[in-house]
Amino acid sequence: MEASEAQYAEFEEKVKRTVYLDNLSPQVNESIVKQALDQFGNVKSVQFIPNYLESKNVPQCALIEMENPTEVNAIVSDIAQKPFMIGGMPRPVRARKAKMEMFDDRPVKPGRTIQFRWLEPNDPDFEVAKKLKELAKIHAVEAEYVLKKQLEDEEKLEKQHQESLKATHKKYKMIDSVIADGTTRQLARGYHLRVADD
């Protein structure tokens, strides 16, 4: 159904207030995104874009509507200048201004007509379309391979992070036990050092 001029103009304003975030961790949800972007301004809505072609453990994308276009510019500029992590995952997020084509609920532009036709094998555009189809298949295979490698690297990095956290926790636990059982006071007396009561 064709939208009125006013509805379409309202949608265009919404697009200007929206930022597209890519490479989000599968564990990230709406509240995490809102909390991360609150530093830039008021987050009005978060809409995750589902990926129907890949497995569930793939990076997510989202459209985040802000209060005004200035906040969108701040997010895009800030994320472009330095790595921005959401949800503590070792995966820097990418951001850019949203485009109309990214919205599944976009209204039809008033006065716009779309024409399509099937190509016959003897049509000059048939070979071009066939090559584009083959390129799309090759790109899909390459993208799947790169994504698989990225997920493997992230799993390794997360495992290293967990091991590092466990080792640090073990050290702090040992220090606490040494303080609690009085070993530090005995060592301090042996070396003639003062130990604070706290």
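As a convention, each chain's residues are numbered from 1 in the sequence order in which they are written. In view of the model being predicted, local features appear only for residues whose pLDDT reaches at least 70, and side-chain atom pairs are presented and counted only at 80 or more, with totals across whole chains, interfaces and linings using the full set of residues. Calculation of side-chain values draws on the structure's entire complement of heavy atoms; hydrogens and water are dropped beforehand.

An unreviewed UniProt entry annotates the protein chain as Putative nucleotide-binding alpha-beta plait domain-containing protein of Rosa chinensis.

Participant: An account of the sheet that holds strand β2 (residues 43-49) is requested, with residue identities and associated values reported.
Facilitator: Overall, antiparallel pairing links the 4 strands, which are arranged β2-β3-β1-β4 in an open sheet. Each of the sheet's edge strands pairs with one partner strand only, and the pair in question is β2 and β4 (94-97). Adjacent strand axes in the sheet meet at a mean angle of 25 degrees, parallel and antiparallel pairs treated alike. One bridge is not enough; two strands pair if DSSP finds at least two bridges between them. Helix numbers and strand numbers start at the N terminus; a helix is a DSSP run of H or I with at least 4 residues, a strand a run of E with at least 2. Pairing geometry for β2 and strand β3 (residues 60-66), over 6 bridges, is antiparallel. For serine 45, the partnering residue across the bridge sits in β3 and is glutamate 65. Sheet strands touched by helix α2 (residues 30-37): β1 (18-24), β2 and β3. Its angle to β2, the strand with the most contacts, is close to 135 degrees. Think of each axis as a best-fit line through the C-alpha atoms, taken over the contacting stretch in the case of a helix, with angles from 0 to 180 degrees between the N-to-C directions. Residues are treated as being in contact if the distance between any of their heavy atoms lies within 4.5 Å.

Participant: Before we move on, can you summarise the packing of aromatic side chains with the specific residues and values?
Facilitator: Here a Phe, Tyr or Trp ring, Trp counted by its six-membered ring, pairs with any other such ring whose centre lies within 6.5 Å, and the pair is stacked when the planes are under 30 degrees apart, edge-to-face when over 60, and tilted otherwise. According to the stated counting rule, one finds 3 aromatic pairs in the structure shown. The interplanar angle of 55 degrees and the centroid separation of 6.0 Å between the aromatic rings of phenylalanine 40 and phenylalanine 84 together place this pair among those described as tilted. With phenylalanine 40 in the loop between α2 and β2 and phenylalanine 84 in the loop between α3 (69-81) and β4, the pair connects residues that are 44 residues apart, well separated along the chain. Across the pair, exposure class does not vary: phenylalanine 40 and phenylalanine 84 are buried alike. Ring-pair connections join several aromatic residues into one group, and the members of that group are Tyr8, Phe11 and Phe103. Relative accessibility under 20% of the residue-type maximum defines a buried residue, over 50% an exposed one, and the middle range a partly exposed one, all with a 1.4 Å probe and only protein chains included.

Participant: Lay out the layout of surface pockets with the relevant residues and their values.
Facilitator: In this analysis a 1.4 Å probe is tested at points of a 1 Å grid over the protein atoms alone, and where it fits but cannot get out there is a cavity; an open set with protein on both sides within 12 Å along at least five of seven lines is a pocket; lining residues have an atom within 4 Å of a point. Grid points are joined across faces, edges and corners, and a volume is the space filled by probe spheres set on the points. There is about 210 Å³ of room inside the second largest pocket. What lines the second largest pocket is simply Tyr8, Phe11, Met100, Glu101, Arg106, Pro107, Val108, Lys109, Arg112 and Ile114. Side-chain classes follow a simple rule in which Ala, Val, Leu, Ile, Met, Phe, Trp, Tyr, Cys and Pro form the nonpolar group, Asp, Glu, Lys and Arg form the charged group, and the remainder, Gly included, forms the polar group. In terms of residue class, the lining of the second largest pocket is built from 6 nonpolar, no polar and 4 charged.

Participant: Before we move on, can you summarise the nonpolar core with the specific residues and values?
Facilitator: Within the largest apolar cluster, 20 residues are counted, with the highest numbers of intra-cluster contacts made by Leu21, Leu37, Ile64 and Ile86. Only β1, α2, β2, β3 and α3 provide two or more residues apiece to this core. Broken down by element, this core gets its largest block of residues, 4 residues, from α3. Residue types Ala, Val, Leu, Ile, Met, Phe, Trp, Tyr and Cys, when buried and joined through side-chain atoms within 4.5 Å, form a set referred to as a nonpolar core. Ranked by size, the runner-up nonpolar core spans 8 residues in total, among them Phe11, Tyr20, Ala98 and Phe103.

Participant: Can you lay out the domain arrangement of the protein chain for me, pointing to particular residues and giving the numbers?
Facilitator: Here the protein chain is described as being made up of domain 1 (1-97) and domain 2 (117-197). Taking the mean C-alpha position of each, domain 1 and domain 2 sit 22 Å from one another. All domain edges in this entry derive from an automatic or database-based domain assignment.

Participant: I'd like to hear about a nonpolar patch on the surface, residue by residue, with values.
Facilitator: Like charges are joined within 9 Å and nonpolar side chains (Val, Leu, Ile, Met, Phe, Trp, Tyr) within 5 Å, but only among residues with over 30% relative accessible area and no salt bridge; these make up the patches. Every accessible area reported is derived by Shrake-Rupley at a probe size of 1.4 Å, with residue values counting cover from the shown protein chains alone. Salt bridges are defined by distance alone: a side-chain nitrogen of Lys or Arg within 4 Å of a carboxyl oxygen of Asp or Glu. A cluster of nonpolar side chains, contributed by Val128, Leu132, Leu135 and Ile138, occupies part of the molecular surface with about 390 Å² of accessible area. Here leucine 132 is to be found in helix α4 (residues 124-180). Taking the relative accessible area as the measure of exposure, leucine 132 reaches 54% and is therefore exposed.

Participant: Can you explain the side chain of threonine 18? Please cite residues and give values.
Facilitator: Positionally, threonine 18 belongs in strand β1. Here lysine 14 takes part through its backbone oxygen, which lies 2.6 Å from a polar atom of the side chain of threonine 18. Among residues more than four places away in sequence, those in contact with threonine 18 are Leu63, Ile64, Glu65, Val72, Lys97, Ala98 and Phe103. N or O atoms within 3.5 Å of each other form a polar contact, as long as, within protein, one can give a hydrogen and the other can take it, and as long as residues adjacent in sequence are counted only when both atoms are side-chain atoms.

Participant: Requested: an account of α4, with residues and values cited.
Facilitator: Under the 1.5 Å per step criterion, the end-to-end length of α4 is 84 Å for 57 residues, consistent within 8% with the ideal 84 Å. If you check which residues of α4 are buried, you get Leu147, Leu151 and Glu154. Taking the backbone nitrogen of aspartate 125 as reference, a side-chain oxygen 2.9 Å away marks aspartate 123 as the first, capping residue of α4. In the segment just after α4, glycine 182 is the residue with positive phi, at about 85 degrees. One less than the number of residues in a helix, times 1.5 Å, gives the span that helix is expected to have.

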